[in-house]
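One letter stands for each residue in the lines below.
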Amino acid sequence: MAQGTVQVTHGGASRWRRRSGEYPTLSAALAVAGDGDVLSIAPGTYRENLVLRHAVTLRGPEGAVAGSVRIAPLDGVALTVRASAVVQDLYLEGADRAAPALLVEDGCPELSDLRVHTRSAAGIEVRGGARPLVRRCTVENPAGVGISVLDGGGGVFEECEVVAAGQAGVSVRGGHPRLERCRIHHSTGAGIAVTGDGSGLEALGCEVYEIKGTGVQIAARAVARLTDCSVHRTSADGVTLDTDAVLTLAGCDIHDIPENAVDLRSRSVLTLSRTTVRRFGRNGLSVWDPGTRVDAESCEIHDSTGDYPAVWISDGASASLDSCRVHDVPDALFVLDRGSRVDVVDSDLSQVRNTAVSVSDGASAQLDDCRIREAGTGAWFRDHGSGGTLANCTIDGVQTGVIVTKGADPVLERCTVSSPAEAGFYVSAGGRGTFTACRVSGSSGFGFHVIDGCRTTLTRCHTERCARGGYEFAEDGPLAEECTSDESGTRLAAQAAAGAGAGAQPGIRTVAAAQGLADRADGVPGQRSAAPPGPPAADGSGATAGPPAARGSGEVLGQLDALVGLDSVKREVRALTDMIEVGRRRQQAGLKAASVRRHLVFTGSPGTGKTTVARLYGEILASLGVLERGHLVEVSRVDLVGEHIGSTAIRTQEAFDRARGGVLFIDEAYALAPEDSGRDFGREAIDTLVKLMEDHREAVVVIVAGYTEEMDRFLTVNPGVASRFSRTITFGDYGPRELLRIVEQQAEEHEYRLGEGTGEALLAYFTELPKGPAFGNGRTARQTFESMVERHAGRVAQLAEPSTDDLTLLFPADLPAPAAAH
């Protein structure tokens, strides 16, 4: 399309200027135009860099086809606005990677019905004191930012759309824009990113979706408010807050998120009201670090698609939920670490597959007037220092109402547990707890079951219709005062005759200490875990195993040999160890030592022991003097890849620094290089890692792990990757006999035995078990053992006086149905 003419209509009162005229170029027309003049542009393509210094009107001809006027210079800014001008119906193109296509630097211009199609630094950039009103504009910029507001810029964007951006869809640094009914989608990076002290954003009725990265990112003391907005279909977290960020979500809907729906840390503050969080792959709310806080009112969190808690609070963070609903999730509230706290008022927790409220590692929970329904466990206070208060709460339709273990010491007041399948309240393994005016009705087991000599206090508690009895206590354990039960007089007389003791409360029976809860092991046989179940560390630190106790290489290799199966893996590790040991001895003898590349690739399915072998490998290298500490730092994509340019390199460097003197284990490393990566920041993590491995080749051993085919592709993404990893160790799936051996180890560790025919039944079970995507190898074996223990408990609990054999023998009838296996 050829360049047309420009018609200028003079709107001023000056008698020294022409009122109208035609000009061959826009620049010529602008040179004579003044405030109030109207420039009507004929259809055509204008290869000019335009600068509006007066309050003119710049528009395409009336009735022309959209896009018929194209401003498309070969470089530089297509249109710069420095006055309160009016710009309408133009098509702007930019090609300068260092400059925006449309730059607004001053005034309060009105920009409407513009289409910005560019491959430049930004589609629209607003800076300085500019306060534009931008209506119905569309931005497409696959090379950079869609809309950028910075350095004091502001303005209002109404019904605008960012249809594609190579970086953030909307980026705010030092500016304060308002977005109304805007749509941001198909961005690579954050949909909306607000960063830096003094930065702010307000969004009303906006939609952020189809984002290759985080939907909304608020960081570094920035402040934002989103009202009636929707964030969905991202590839990373839905909303993130970091480093003193402040965000308010009112009436928002965050859904279909594969990672955390909302993740906040580093003293950030989030306020939610009337907001829905649904269909998320990790946590609905993930809250980390001292000073970080969430306040939620009248919100709903539901329909988790993963295996992680809906609300995760750790590292000293806090959260409060008022009149909220959490349902259809694996775990509802998970609070851990000293200083972490959750306060819940008048809220519903229902249809929870595991534990509704889990408190561990010194954390605290306060629940008032809450309702817990249809959960595995209503509340579990797990260990020493963990506690809090449950007041006026009802717990209905659960396996166990409240569990208190390992020194935890909560306070429960006026709480009611109805129809539990097992105990209403269960205290064991040194748990304590104070129960005042609590009630249990319709239990299929005991009302209050306190064993292991736990120093629990019960006052004015009541039980009724409990199948096995209202109270079951160990000797010299709990203190019960004014507690009552509806148990029959015949049974009470029998208890008194058996020596229940003077002063015993009606319906309370004291028995010898019984067996406590079995400890759980992780997915690798022989390894014991003291931590509650939950997601891997998502605070950027990865999961770090502390420095192992000093052991000789022979002892560590012995532990490696004791693992079930993995024969080829053991041979590979021994061969590598022998090379390193001989090389060390040759150096001591003054001889040249062959260079041994210590970085490894582990390939294979989940649950085959890759993490355990990596941890032992670090210990071996430390015992040989190759590594200073030999500790393991385990990370994945979420720990290394940031949401904006530069943050990925920083995260990767931090993870590498934490692993100095030890092993950096990157699980599912192929996720750093997805097949449809485009401008994915995972490649930046790979590039940074390769350089660090070269610059600090003696400081850290790097092990990358994942499925075999995906790891083959991963090794080709960077020319330096394959050269750094010269040895690949393949972890094969466990066969039925190896899975049987894992169950046998688990049984031995937890003081169980396999009864007659159980070994053969397990072998047949593992042979027939489908080996689909959900099959977890060692993890499947552990889960099978745990299911057997649960079924065994349900069977033995019905026996009045079980023998030692009854308490320890597992039989074929205890095997779960194959469909229930994971």
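Residues numbered from 1 in each chain as written. Predicted model: local features only at pLDDT ≥ 70, side-chain atom pairs only at ≥ 80, totals over all residues. Heavy atoms only, no water.

Tallying secondary structure elements over the chain gives 14 helices and 68 strands in all. Relative to its 822 residues, the chain shows a buried fraction of 54%. Partitioning the contacts of the chain with sequence separation of at least 6, the portion at a separation of at least 24 is 52%. Surface exposure of the chain reaches about 32500 Å², of which carbon and sulfur atoms provide 49%. (Helix = DSSP H or I, 4+ residues; strand = E, 2+ residues; numbered from the N terminus. Buried < 20%, exposed > 50% of the residue type's maximum accessible area, 1.4 Å probe, protein only. Contact = heavy atoms within 4.5 Å. Areas by Shrake-Rupley, 256 points an atom, 1.4 Å probe, with all protein chains shown as cover.)

The residue Asp-228 is not glycine, and still its phi comes out positive at about 55°. Relative to the helices and strands, Asp-228 is located in the loop between β27 (223-227) and β28 (230-234). By relative accessible area, Asp-228 is classed as partly exposed at 44%. Of note, Asn-392 is a non-glycine position whose phi angle comes to about 55°, a positive value. Along the chain, Asn-392 falls in the loop between β46 (387-391) and β47 (394-396).

Okay, the pairing of strand β54 (residues 446-450) next. In terms of residue burial, β54 counts as a mostly covered element, since five of its five residues are buried. Judged from the three bridges that link them, strand β51 (residues 425-428) and β54 form a sheet pairing that is parallel. Paired with Val-427 across the strands is Val-450, a residue of β54. The pairing of β54 with strand β57 (residues 469-474) spans four bridges and is classified as parallel. Bridge pairing links Phe-448 to Tyr-471 in β57. (Pairing = 2+ DSSP bridges.)

What follows covers the environment of Leu-807. One can find Leu-807 in helix α14 (residues 804-808). Between the alpha carbons of Leu-807 and His-792 there is a distance of 8.3 Å; along the sequence they are 15 residues apart.

With respect to the helices and strands, Glu-93 occurs in strand β10 (residues 91-94). Ignoring sequence-local partners within four residues, the contact set of Glu-93 consists of Arg-70, Ile-71, Ala-72, Pro-73, Ala-78 and His-117.

Summed over the entire model, instances satisfying the criterion amount to eight aromatic pairs. On the numbers, 5.2 Å between centres and 70° between planes, the contact of Phe-425 with Phe-435 is edge-to-face. Of this pair, Phe-425 sits in strand β51 while Phe-435 is found in strand β52 (residues 434-436), placing the two residues ten residues apart along the sequence. On the basis of an interplanar angle of 15° and a centroid distance of 4.8 Å, the ring pair of Phe-425 and Phe-448 is categorised as stacked. Taken together, the residues Phe-425 in strand β51 and Phe-448 in strand β54 connect sequence positions 23 residues apart. (Phe/Tyr/Trp six-rings, centres within 6.5 Å; stacked < 30°, edge-to-face > 60°.)

Moving on, we get to the confidence of the model for the chain. Low pLDDT means the predicted coordinates in that region are not meant to be read closely. With 84% of its residues at a pLDDT of at least 70, the chain reaches an overall mean of 83. This stretch, residues 11-19, has a pLDDT under 50; its non-local contacts, to residues over four places away or in other chains, come to 15 contacts. Ignoring residues within four places in sequence, the model shows residues 509-549, a span with pLDDT below 50, making 118 contacts including any to other chains. (pLDDT = per-residue confidence, 0-100.)

Right, let's get into the state of the cysteines. As enumerated under the stated definition, the model contains zero disulfides in all. Unpaired in this structure, Cys-137 has its nearest cysteine sulfur neighbour in Cys-160, at a distance of 4.9 Å. Looking at Cys-137, the relative accessible area reads 2%, which means it is buried. (Disulfide = S-S within 2.5 Å.)

So, on to the packing of helix α4 (residues 567-588) against helix α5 (residues 610-623). Following both chains from N to C, one finds α4 and α5 inclined at 20°, their axes separated by 11 Å at the closest point. Judged by the inter-axis angle, α4 sits roughly parallel to α5. Along this stretch, α4 crosses α5, giving a crossing that reads as right-handed. Contact with α4, carried on its side by Val-569, Val-573, Leu-576, Thr-577 and Ile-580, involves Val-613, Tyr-617, Ile-620 and Leu-621 of α5 and no other residues of that element. Residues that form the contact of α4 with α5 fall into these classes: eight nonpolar, one polar and no charged. (Axes fitted to C-alpha atoms, helices over the stretch in contact; angles between N-to-C directions. Parallel < 35°, antiparallel > 145°, perpendicular 65-115°, else oblique. Left-handed = near helix turned anticlockwise from the far one by under 90°. Nonpolar A, V, L, I, M, F, W, Y, C, P; charged D, E, K, R; others polar.)

Attention now goes to the packing of helix α11 (residues 736-749) against helix α13 (residues 778-796). The contact between α11 and α13 brings their axes to 9 Å, and the two run at 50°. Relative to α13, the element α11 lies oblique. For the element pair α11 and α13, the recorded crossing hand is right-handed. Together, Leu-739, Ile-742, Val-743, Gln-746 and Ala-747 of α11 and Gly-778, Ala-781, Arg-782 and Phe-785 of α13 make up the contact between the two elements. Of the residues assigned to the contact of α11 with α13, the class counts are six nonpolar, two polar and one charged.

Turning next to helix α8 (residues 682-695). End to end, α8 covers 20 Å across 14 residues, agreeing with the expected 20 Å (1.5 Å per residue, within 8%). Burial in α8 covers these residues: Gly-682, Ala-685, Ile-686, Thr-688, Leu-689, Val-690, Leu-692 and Met-693. (Expected span 1.5 Å × (residues − 1).)

Okay, the environment of Ala-245 next. Counting through the fold element by element, Ala-245 comes out in the loop between β29 (239-242) and β30 (246-250). Overall, Ala-245 belongs to the buried group, its relative accessible area being 0%. Apart from the residues within four sequence positions on either side, Ala-245 is in contact with Ile-218, Ala-219, Arg-221, Ala-222, Ser-268 and Val-269.

Another aspect to go through is the pairing of strand β34 (residues 276-280). Pairing between strand β31 (residues 253-257) and β34: four bridges, direction parallel. Paired with Asp-253 across the bridge in β34 is Thr-276. Examined bridge by bridge, β34 and strand β37 (residues 300-302) share three bridges and lie parallel to one another. Paired with Arg-278 across the strands is His-302, a residue of β37.

A few words now on the pattern of salt bridges. Throughout the structure, instances matching the rule amount to 31 salt bridges. Residue Arg-465 is joined to Glu-464 by a salt bridge in which the shortest nitrogen-to-oxygen separation is 3.4 Å. According to the relative accessible area criterion, Arg-465 is exposed, its value standing at 53%. Connected through salt bridges with shared partners, the residues Glu-159, Arg-178, Glu-180, Arg-181 and Glu-202 form a single ionic network. (Salt bridge = Lys/Arg side-chain N within 4 Å of Asp/Glu carboxyl O.)

Between its first and last C-alpha, α11 extends 20 Å over 14 residues, near the 20 Å set by a 1.5 Å rise per residue. Taken as a whole, α11 has its buried residues at Leu-739, Leu-740, Ile-742, Val-743, Gln-745, Gln-746 and Ala-747. Backbone geometry just after α11 places Glu-751 at a positive phi near 60°.

Tracing the backbone through its elements, the reader meets Arg-136 in the loop between β15 (133-135) and β16 (138-141). Here Arg-136 falls in the partly exposed class, since its relative accessible area comes to 39%. Taking C-alpha positions, Arg-136 is 5.8 Å from Ser-112, a pair spaced 24 residues apart along the chain. Ignoring anything within four residues of it in the chain, the contact list for Arg-136 reads Ser-112, Asp-113, Leu-114, Glu-158, Glu-159 and Cys-160. Polar side-chain contacts of Arg-136 include one of 2.9 Å to the side chain of Asp-113. (Polar contact = N/O pair within 3.5 Å; in protein donor to acceptor, adjacent residues only side chain to side chain.)

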